[in-house]
Structure formats: structure tokens, C-alpha cells
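# A structural walkthrough
Take a look at the letters that make up each chain.
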Amino acid sequence: MTRPVLLIGGMDSSGGAGLARDLLSVQAAGQTARLAVTAVTAQTDRRVLAVEPVAPALLAAQIESALETGIGAVKIGAMFNAPLIRVVAALLPDVPVVLDPVLCSSSGHALLDPEGVQAMVALLLPRTTVLTPNLPELAALAAALGMDPASEREAVVDVLLSQGCRSVLLKGGHDLSSVSEDILYAAGSCPLAFRSPRFSFELRGTGCQLASGLAAGLARGQDVPEAIRAARCGVEARFRNAG
């Protein structure tokens, strides 16, 4: 029997993103999940009204209780601050980890302060199996690494991999091309592109959905490219059903 996926992230009161979307994605993949809430938010599709991070001790208790049942993979989303990141880093089990570096909401509200970004790079990247940044997040991570945010994408990815991250799935949703293209980078391997049609409208939570679907595939024993393909199929199906 496949072990559950541990989903670590924030509660989005609108249900469009965060743990609500993660749970739907994992269940759609036929998996079970355990949840660890990092913060409760009040938000709509257009704005964030309030954010309340949980106490580090409460986050630790949630993760510890999940680990008692056995975990097959971990997906990390919005972390909000450095103390919570330190808790997660201290308790991560030795399983595949998908890190979605949620730095701000889709409405533009910051969800991780500069100290938190530094803690993410120092403490979580070395434990990460797949990092899933979009293009703005890649630029922010470049700045956290002391690089020009406008640096070539491949140069930033190379530095991220040198920090111990095993692979980077660079999402192309913010690109302006006619095709949606995500590119997987791993040390010692040629980049691998995943392409699908680009839809004329946007949906919230697609990054959460992709990362949690990827974690579900890794928990099933799929390799990274196979898990990415399955997760992307889930995102594409959601777009087609919404069109």
C-alpha cells in the first residue's frame, strides 16, 4: 500500500490554492494525505485580507503526528517565516521532497519575508528532490543567492543545484509563448522539456496542484519525469474542464 503524502502549507480560505488545492490534487491521483498547516489566511481570488502563521510548536506537533503513520513523500508550499522553515527542516523524513517556493500570492501579497527566503535556501534546498519555481520565483531566489535577478535562467538553476537541490522544474506559466513549457534540470543530465497547449485563461492554484500531484507520483514510486507527466495531465484536465 502506498504511504500518504505529507502536505505542508497554508490554508487558503477561498479554497483556490494552498492545502485545499493540494489535497484535491493528491486525492485525484488516488493517494491519501496528511496535512500540516503553516498559517491560516483570509483571502479571495483578488486579495489577501489577513495571514496568521501558526506557532512553531504547533507545526512541529502536526508533522510529528503525521510521521507516526509513515509518509511516502512531502510537498512543501507556503512557509511564511524562518522559524517555521527551521521546524520543517529539522523534522523532514528521508523521503522525496517537492518544494514549491511560494513567495507571494497570485494577487501579489508577500508570503515569505527575506529572512525566510534565506532560510529556505540554506535549510530546505539541500533536502529537496524537486524544486518547482515559476519565473518570478526564480528571479527572487537568484536575489537570495546574491545574483542579479535578471541573470540567465540556466545560470540561476545551476547555482540552485549546487546548493544540494537534486532537480529543478522551472515552470513556464509566466512566459509569453504560445505553448506552455516546463523544463526539468538535474545535475549531470540534459534539460527535459514538457509541453502542452497554453489556455487563454488563468486558474488559481495550478502551481500547488502540479507540485502536490508530483509528490503523489513520487510517493507511488514513479521516477521524477514520470511523476511530472502525470501531474501535468491533471493540471491540463482541470483547464479543459474549466474551459
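Please read all numbers here as calculations on a predicted model, not as lab measurements.

Helix and strand counts for the chain stand at 8 helices and 9 strands. For the chain, the spread of C-alpha atoms along the three principal axes comes to 45 × 40 × 40 Å. Residues counted as buried form 51% of the 243 residues belonging to the chain. The contacts in the chain between residues at least 6 apart in sequence include a share of 67% that link residues at least 24 apart. Here the chain displays about 10800 Å² of accessible surface, and carbon together with sulfur accounts for 55% of that area. On the chain, the mean spot of the 19 positive side-chain charges and the mean spot of the 22 negative ones are 6 Å from each other.

Let us look at the pairing of strand S4 (residues 73-76). Burial along S4 is two-sided: the face carrying Ala73 and Lys75 and the face carrying Val74 and Ile76 are both buried. Sheet topology note: the S4/strand S5 (residues 97-99) ladder contains 3 bridges and is parallel. Bridge pairing in S5 links Lys75 to Val98. Handedness of the β-α-β unit built from S4, helix H3 (residues 82-91) and S5 comes out right-handed.

With 8 bridges joining them, strand S1 (residues 5-12) and strand S2 (residues 33-43) adopt parallel strand pairing. Considered in S2, the bridge of Met11 is made with Val40. Following the backbone out of S1, through helix H1 (residues 18-28) and into the adjacent parallel S2, one traces a crossover that is right-handed. Both S2 and strand S3 (residues 48-53) contribute to a ladder of 5 bridges, which runs antiparallel. Paired with Thr41 across the strands is Val51, a residue of S3.

Here we come to the side chain of Thr132. Assignment of secondary structure puts Thr132 in the loop between strand S6 (130-131) and helix H5 (135-144). A relative accessible area of 1% means that Thr132 is categorised as buried. Reaching out from Thr132, the side chain makes a polar contact with the side chain of Asp100 at a distance of 3.3 Å. Residues in contact with Thr132, not counting those within four places in the same chain, are Val98, Leu99, Asp100, Pro101, Glu137, Leu169, Lys171, Ala211 and Leu214.

Glancing now at H1. Note: α-helices contain 3.6 residues per turn, so residues at a spacing of three or four share the same orientation. Taken as a whole, H1 has its buried residues at Gly18, Leu19, Arg21, Asp22, Ser25 and Val26. In a view along the axis of H1, the buried residues occupy a sector of 160°, so they form one face of it. Those residues of H1 that are buried are in contact with S1, S2, S4, helix H7 (206-219) and helix H8 (224-242). Count one or two residues on from H1 and you reach Gly30, which has phi positive near 80°.

Taken as a whole and assessed by the stated rule, the structure comprises 5 salt bridges. Where Arg195 meets Glu181, a salt bridge forms, and the shortest distance between an N and an O atom there is 2.6 Å. Of the two residues, Arg195 sits in strand S9 (residues 192-197) while Glu181 sits in strand S8 (residues 179-186), which places them 14 residues apart along the sequence. Judged by its relative accessible area of 25%, Glu181 is partly exposed. A salt bridge links Glu236 to Arg240; its shortest N-O distance comes to 2.6 Å. Linking Glu236 with Arg240, this pair stays in helix H8, spanning 4 residues, or about one helical turn.

Conventions used here
All residue numbers here refer to positions counted from 1 along the written sequence of the relevant chain. The predicted nature of this model means local features are confined to residues of pLDDT at least 70 and side-chain atom pairs, given and counted, to a pLDDT of 80 or more, with totals for whole chains, interfaces and linings taken over all residues. No hydrogens and no water enter the side-chain calculation; it runs on all heavy atoms of the structure. Strands here are runs of E lasting at least two residues and helices are runs of H or I lasting at least four, both read from the DSSP assignment and numbered beginning at the N terminus. Each residue is assigned to one of three classes by its accessible area relative to the maximum for its type, calculated with a 1.4 Å probe on protein chains only: buried under 20%, partly exposed between the two thresholds, exposed over 50%. We call two residues in contact whenever any of their non-hydrogen atoms come within 4.5 Å of each other. Accessible surface area values rest on a Shrake-Rupley calculation with a 1.4 Å probe, where residue burial reflects the displayed protein chains alone. Working convention for charge: Lys and Arg count positive, Asp and Glu count negative, and His plus the chain ends are omitted. By convention, charge coordinates are those of NZ in Lys, CZ in Arg, CG in Asp, or CD in Glu. DSSP bridges decide pairing: two strands pair if at least two such bridges lie between them. A clockwise course of the path from the first strand over the helix to the second, judged with the strands pointing away from the viewer, identifies a crossover as right-handed. Distance and chemistry together define a polar contact, namely a pair of N or O atoms within 3.5 Å, with one atom able to donate a hydrogen and the other to accept it when in protein, and with adjacent residues in sequence counting only for side-chain atoms on both sides. Working definition: the arc comes from the directions between the helix axis and the C-beta atoms, pointing outward to the latter. The term salt bridge refers to a side-chain nitrogen of Lys or Arg lying within 4 Å of a carboxyl oxygen of Asp or Glu.

Geometric values such as these leave the question of function open.
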